[in-house]
Amino acid sequence: MTIKHSEAMRDDDIAIIMRAMGHPVRLNILRILARQERGECCCADVTDELTLAQSTVSQHIKVLLDAGLIERKPRGTRNCYIVQHDRLAALGDAYSGMIAGFSPAPTKLEAEPA
């Protein structure tokens, strides 16, 4: 499901990602994962930082996984998660283009009578 940064993102992809990012806990999870020095973080580490139940964190992580915003990497008996920076960069590009597309069309100047 990962979209390369150079590929144009479809409206469906943008909507899926925006829904996934539409919850404060999921935004916090993305921030926690993004600031990890080793680039990845396990669910237990995220749970400790958020002081939420592990099952709640897991549900939010699943939404982020389904949207392609993070990737799961098995590490022994644990799963670690990594932010998909290419996907976020593609969203930034698409979002910029989408916002520009909402701008009003320039008005045509009427020819002045000579």
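Anyway, here's the lowdown on the structure attached to this text.

Reading guide: rules and limits
- Residues numbered from 1 in each chain as written.
- Predicted model: local features only at pLDDT ≥ 70, side-chain atom pairs only at ≥ 80, totals over all residues.
- Heavy atoms only, no water.
- Helix = DSSP H or I, 4+ residues; strand = E, 2+ residues; numbered from the N terminus.
- Expected span 1.5 Å × (residues − 1).
- Buried < 20%, exposed > 50% of the residue type's maximum accessible area, 1.4 Å probe, protein only.
- Arc of directions from axis to C-beta.
- Contact = heavy atoms within 4.5 Å.
- Core = buried A, V, L, I, M, F, W, Y, C linked by side-chain atoms within 4.5 Å.
- Disulfide = S-S within 2.5 Å.

1. A short note on helix H4 (residues 54-66)
Logical step 1: An ideal rise of 1.5 Å per residue puts 18 Å on 13 residues; H4 measures up with 18 Å between its terminal C-alpha atoms.
Logical step 2: Three or more residues of H4 are buried, namely Val57, His60, Ile61, Leu64 and Leu65. The buried residues of H4 occupy an angular sector of 145 degrees when the element is viewed end-on, so they sit on one face.
Logical step 3: Summarising the contacts, the buried residues of H4 are in contact with helix H1 (11-20), helix H2 (24-34), helix H3 (43-50), strand E2 (70-75) and strand E3 (78-83).
Logical step 4: Phi turns positive one or two residues past the end of H4, at Gly68, with a value near 75 degrees.

2. What about the nonpolar core?
Logical step 1: Ile29, Leu33, Val46, Ile61 and Ile70 are the most contacted members of the largest nonpolar core, which totals 25 residues.
Logical step 2: Mapped by element, the contributors of at least two residues to this core are H1, H2, H3, H4, E3 and helix H5 (85-101).

3. Here's the deal with the state of the cysteines
Logical step 1: For the coordinates displayed, the defined rule picks out one disulfide.
Logical step 2: Across the disulfide from Cys42 sits Cys80; the S-S distance is 2.4 Å. Within this pair, whereas Cys42 is found in strand E1 (residues 41-42), its partner Cys80 is found in strand E3, the two being separated by 38 residues in sequence. Judged on exposure class, the residue Cys42 and its partner Cys80 are both buried.
Logical step 3: Here Cys41 is not disulfide-linked; the sulfur of Cys42 is the nearest cysteine sulfur, at 6.5 Å.
Logical step 4: For Cys43, which is in no disulfide, the shortest distance to another cysteine sulfur is to Cys42 and amounts to 8.6 Å.

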